[in-house]
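# Structural overview for review
Here's the letter readout for the chains.
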Protein chains: 2
Amino acid sequence: MDASKGKGDIVTQNPGGQMDRPYSFLESMLPKAVKRRVHALKRLQVQCANIEAKFYEEVHELERKYADMYQPIFEKRQDIVTGAVEPTDEESEWHSDREEEEELAEGLKEKAAIEDAKKEEATPGEDPKGIPEFWLTIFKRVDMLSDMLQEHDEPILKHLKDIQVRFSGPGQPMSFTLEFHFEPNGYFNNAVLTKVYKMKSEPDASDPFSFEGPEIIDCEGCQIDWHKGKDVTMKTIKKKQKHKGRGTVRTVTKQVPNDSFFNFFNPFKASQDGEMDEDSEFTLATDFEIGHFFRERIVPRAVLYFTGEALEDDESFEEEELEEGDEEEQDEEGDDDDDDDGDCDPKA
Amino acid sequence: MDASKGKGDIVTQNPGGQMDRPYSFLESMLPKAVKRRVHALKRLQVQCANIEAKFYEEVHELERKYADMYQPIFEKRQDIVTGAVEPTDEESEWHSDREEEEELAEGLKEKAAIEDAKKEEATPGEDPKGIPEFWLTIFKRVDMLSDMLQEHDEPILKHLKDIQVRFSGPGQPMSFTLEFHFEPNGYFNNAVLTKVYKMKSEPDASDPFSFEGPEIIDCEGCQIDWHKGKDVTMKTIKKKQKHKGRGTVRTVTKQVPNDSFFNFFNPFKASQDGEMDEDSEFTLATDFEIGHFFRERIVPRAVLYFTGEALEDDESFEEEELEEGDEEEQDEEGDDDDDDDGDCDPKA
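Below is a short write-up of the structure. (Residues numbered from 1 in each chain as written. Chains lettered and ligands numbered in written order. Predicted model: local features only at pLDDT ≥ 70, side-chain atom pairs only at ≥ 80, totals over all residues. Heavy atoms only, no water.)

## Notes on the overall build of chain A
Worth spelling out the cut-off: Counting from the N terminus, the helices are DSSP H or I runs at least four residues long and the strands are E runs at least two residues long. Exposure categories follow from relative accessible area, calculated using a 1.4 Å probe and restricted to protein chains: below 20% of the type maximum is buried, above 50% is exposed, and the middle band is partly exposed. Whether two residues are in contact is decided by their heavy atoms, any of which lying within 4.5 Å being enough. Computed by Shrake-Rupley with a 1.4 Å probe, the accessible areas treat only the displayed protein chains as cover when residues are assessed.
A count of helical and extended segments in chain A gives ten helices and six strands. Buried residues in chain A amount to 47% of all 348 residues. Considering only residue pairs separated by 6 or more positions, chain A has 66% of its internal contacts joining residues 24 or more positions apart. For chain A, the exposed area adds up to about 18500 Å²; of that, 48% sits on carbon and sulfur atoms.

Encoded structure:
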C-alpha cells in the first residue's frame, strides 16, 4: 500500500472535480442522542484538519530549508554533467570500480588494458565533455517523460544543462518552480524555461475531510522565444483552397499545433479557464503529476534515472507486491532472486 | 500515482528482503571518462541521501510537536465516545442538521416530531452512553482490520475506549507506540494494550539509494493478562490418544493457537528471529502496514471511518483513476455523478 515517498504532497485529486459530501447510511440510522455526539466528533475532526494544514505548511518550510542544503550538491552535479568541472579520482571512486579490479586481478588486467587502449583507438579523440545527453537520456528512460517526447525534441534537449526546483519564499503563497536551464542553442533565446506550480494547503470549507495535505491547484508555463522556423510546437501544413466562383485552386499554408515536450511550457493557467471540460481536467491532472514527479523524483535523484537504478527500484517494488500475493497461495516457492535484466518499463 | 498521504513514512519494504544492487547496463557501456563522472554523481547522490535522512528526522520532530496539539482534541473525542462528557448544542451543530430542518420546513415538522416521539417510545429508556461500539464499528468497517477480527473478539472490543499514538521522545531512537485503552472488562486485567513500532531513518550503507524515508524495522507487542478461561488467542482441543501396548484410548486436552485480533499483541520481535522464512516476512510486512494504518489513518480520523466517509473517499479515489483511464478511449461520456451507495469495500 503506502509505499510512495511523498513529503506531504499529493497531486492527483481531480482538479475541479468536487465530490458530493458522502451520505452516511449508518449515521442516519443512529438514535438522535448518538447522532448528536457523532456530529460533535465531526466538529472536532474539522479542528484536526485545520491543525494538519499548519503541519504541512511547516513541512514546506522544512523543505525550503533543506533545498538550500542540497543546492551546493546539485550545482556540483551540473558542473560535472556539463563538463565545467572534472571530478578528482577520490570524488569518483565507486565500489564497482574496486569490484571490477578484483575480477580482473588474475592476469587479465593486462589484456583489459590492451582492450581499453584499442577502444580508445577505435574512437580517436573521443573524450566527450561532461556526461553527454545526460538529461535527454533520463527523458528517454522514464515513461512519464518519454510519452511526451517527440523526435524533434531530442536535439533540443541535448542542450538541457540542468533542472532545478525553487520553492516560494516564506510568507508567499505556497508554490514551486521547475527551472529548465539550457546552454545557448539554435532553437530559442531563453536560457531558462520555467513552469510554476501553485499549491494550496488548507481544508476546503465545504469539504474539510477531503484534505490530505498540500495540493497543486494551478500551474503556469512561460513564453518560449523560438528562433524563426524552429518552433517545434507548431507545424506548417499546406491546404488547397478552391475559389467558389472561379473554380481556381490555390495552396495556402497554415500553422497548427504540433506534439512536443515543449508544450509543457504552454502558458496554460488552470484558474483562468473557469469551467473546464473533462479533457482539459485530465490534461491538467496529468500535468500536475508530471510536475510533482520532476520535483520529487527526477531532480533529487537524476543520476539514478540516468543509470536506470531508480527505474529498477520501482520495478522491484511492484514485483515484490506480486510475490507477496503469490506466497499466500503457493507457499514455499523458494527464494526468488531479483534479476530484472534492465527492462526499462516499470510503469507499464 | 503518488496519491497517498504519507508524512514521510513508508512501510512496505519487504523486511529483511534485501535487493541486489541493480546492475546498470547503460553504465557499463559508457566511455571510461564518462563512467568516472557518473560515479562522481553517485557519490553526490549518497550525500543527498544522508541529508534526506536528517530531513525526515526533523519531520518526525514536527509530528511530535503536532501530536501535542492534537492531544486535547483526541481527549475530548474519548470523553464523548465513552459518554464521560455530553457535548453542548453548539459543539454538536452540523450542517446536515440544518439541511434536515430545511427539508422538513413545509408543514412536515410536526409529523416528524411525532415520529421521533414514537421512536423514543418504541425503544423506551434507550439513551445509550456515549457512542456505543464506536471502535468496534470501525474495526468492522475497515477491511484491513475486519480481516483480523473474529466473532469472539467482538464482545471484547466493545470495551475499547480509545486508541492513541505516542511518539518516541527527542534523542530516543525513532519509534511510535499504539495504545489501546480498555475500560474494565471481564476478559483481561490490562487497562492498556500496547504495540511499539521501531523505525529507522538512515540510508543503508550497502544500498543508500533505496532510502525513501523512515521505515518500520521492528515491532513489539505486550503480554495480555487474560482472566482464566478467557484467552481468545488460544483454544482447547480434545485429542484421542491410543496406548500403544494396551490399546486403551484416552482423551487429552491441548491448548493450540486460535485466530484473533489480539494476536496483534503477541510479543513478537522481528529482530530476535535472525533468519526469517518467507511466511514470517509476509506476516511481519502485513503487521507493519496495519501499524502504519492505525497511526496514519484510523487514529487521526476515527469518526470518518465510523461514519464510513473515509472509506467512501478512498473508494472515490480509485474510481476516479479508472474514469481517467476510460476517458481516453470513450470521450464525452457525460458527467458521472459520484454516488457510491455506501459500498464498504474500498480495498477489494
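After that view of the structure, there is still more to cover.
## Thoughts on unusual backbone geometry
Residue and element names in this part refer to chain A. At glutamate 133, a position not held by glycine, the phi torsion is positive, near 55°. By secondary structure assignment, the location of glutamate 133 is in the loop between helix H4 (108-122) and helix H5 (134-141). Classification of glutamate 133 by relative accessible area gives partly exposed; the value is 33%.

## Here's the deal with the sheet that holds strand E4 (residues 215-220) of chain B
Residue and element names in this part refer to chain B. Put simply, the rule is: Strand pairing is assigned whenever DSSP detects at least two bridges linking the two strands. Think of each axis as a best-fit line through the C-alpha atoms, taken over the contacting stretch in the case of a helix, with angles from 0 to 180 degrees between the N-to-C directions.
Taken together, the four strands give an open sheet; going across it, the order is E1-E2-E3-E4, and neighbouring strands pair in antiparallel fashion. Here the strands that pair on one side only, and so sit at the sheet edges, are strand E1 (160-167) and E4. Neighbouring strand axes in the sheet, compared pairwise and without regard to direction, differ in orientation by 20° on average. With seven bridges connecting them, strand E2 (residues 175-182) and strand E3 (residues 192-200) associate as antiparallel partners. Its bridge partner being in E3, phenylalanine 176 is matched across the sheet by tyrosine 197. Contacting E1, E2 and E3, helix H2 (residues 32-82) crosses the sheet at an angle of about 170° to E1.

## Brief notes about helix H8 (residues 278-298) of chain B
Heads up, the rule is: To estimate the expected span of a helix, subtract one from its residue number and multiply by 1.5 Å.
For H8(B), built from 21 residues, the straight-helix expectation of 30 Å at 1.5 Å per residue is met to within 8% by its first-to-last C-alpha distance of 28 Å. Burial runs high along H8(B): 15 of the 21 residues are buried.

## Digging into the sheet that holds strand E4 (residues 215-220) of chain A
Residue and element names in this part refer to chain A. Pairing within the open sheet is antiparallel, and its four strands lie in the order E1-E2-E3-E4. Each edge of the sheet is formed by a strand with only one pairing partner; in this case those strands are strand E1 (160-167) and E4. On average, adjacent strands in this sheet sit at an angle of 20° to one another, irrespective of strand direction. H5 rests against E1 and strand E2 (175-182) of the sheet, and its axis sits at about 75° to E1.

## Some details on the packing of aromatic side chains
For clarity, the cut-off: Centres within 6.5 Å make a pair out of two Phe, Tyr or Trp rings, where for Trp the six-membered ring is used; the pair is then stacked when the planes are under 30 degrees apart, edge-to-face when over 60, and tilted otherwise. Whether a charge sits over a ring depends on NZ of Lys or CZ of Arg being within 6 Å of the ring centre and within 35 degrees of the ring normal.
Taken as a whole, this structure holds 54 aromatic pairs over all chains when the rule is applied. Considering the side-chain rings of Phe176(B) and Tyr197(B), the 5.3 Å spacing of their centres and the 25° angle between planes classify their relative orientation as stacked. A residue pair is termed long-range when its members are at least 10 positions apart, and Phe176(B) in strand E2 and Tyr197(B) in strand E3 qualify at 21 residues. Between Phe180(B) and Phe294(B) the ring centres are 5.3 Å apart and the planes differ by 90°, which places this aromatic pair in the edge-to-face class. On the criterion of sequence distance, the pair formed by Phe180(B) in strand E2 and Phe294(B) in helix H8 is long-range, its members being 114 residues apart. The exposure class of Phe180(B) is buried, given its relative accessible area of 0%. The rings of Phe139(A), Phe180(A), Phe182(A), Phe188(A), Trp226(A), Phe261(A), Phe262(A), Phe264(A), Phe265(A) and Phe294(A) are connected pair by pair, giving a single aromatic cluster. The aromatic ring of Phe176(A) is capped on one face by Arg295(A), whose charged end is 4.9 Å from the ring centroid. Cation over ring: Lys195(B) sits above Phe264(B), and NZ or CZ is 4.0 Å from the ring centre.

## Quick notes on the nonpolar core
The condition is simple: The criterion is simple. A nonpolar core is a set of buried Ala, Val, Leu, Ile, Met, Phe, Trp, Tyr and Cys residues joined through side-chain atoms within 4.5 Å.
If you look at the biggest cluster of nonpolar residues, it comprises 144 residues, and the most contacted ones within it are Phe180(A), Phe262(A), Phe294(A), Phe180(B) and Phe262(B). If near-sequence neighbours (up to four positions away) are discounted, Phe180(B) is found in contact with Phe139(B), Leu160(B), Asp162(B), Ile163(B), Ala191(B), Val192(B), Leu193(B), Phe261(B), Phe264(B), Phe265(B) and Phe294(B).

## A look at the environment of Thr253(B)
With respect to the helices and strands, the residue Thr253(B) is situated in strand E6 (residues 249-257). Not counting chain neighbours up to four residues away, the residues in contact with Thr253(B) comprise Thr236(B), Ile237(B) and Lys238(B).

## Thoughts on the pattern of salt bridges
Inclusion rule: Basic side-chain nitrogens of Lys or Arg form a salt bridge, by our definition, when they fall within 4 Å of a carboxyl oxygen of Asp or Glu.
Per the stated rule, a full pass over the model turns up 36 salt bridges over all chains. Between Arg295(A) and Glu296(A) there is a salt bridge whose closest N-O contact spans 3.6 Å. Of the two residues, Arg295(A) and Glu296(A), neither departs from the other in class, the shared state being buried. We note a salt bridge from Glu220(B) to Lys198(B), for which the minimum N-O separation is 3.7 Å. Taken together, the residues Glu220(B) in strand E4 and Lys198(B) in strand E3 connect sequence positions 22 residues apart. We classify Glu220(B) as partly exposed; its relative accessible area is 30%. Of the residues examined, Lys198(B) reaches a relative accessible area of 31% and is grouped as partly exposed. Members of the salt-bridge network, linked through shared partners, are Arg36(A), Arg37(A), Glu86(B) and Asp89(B).

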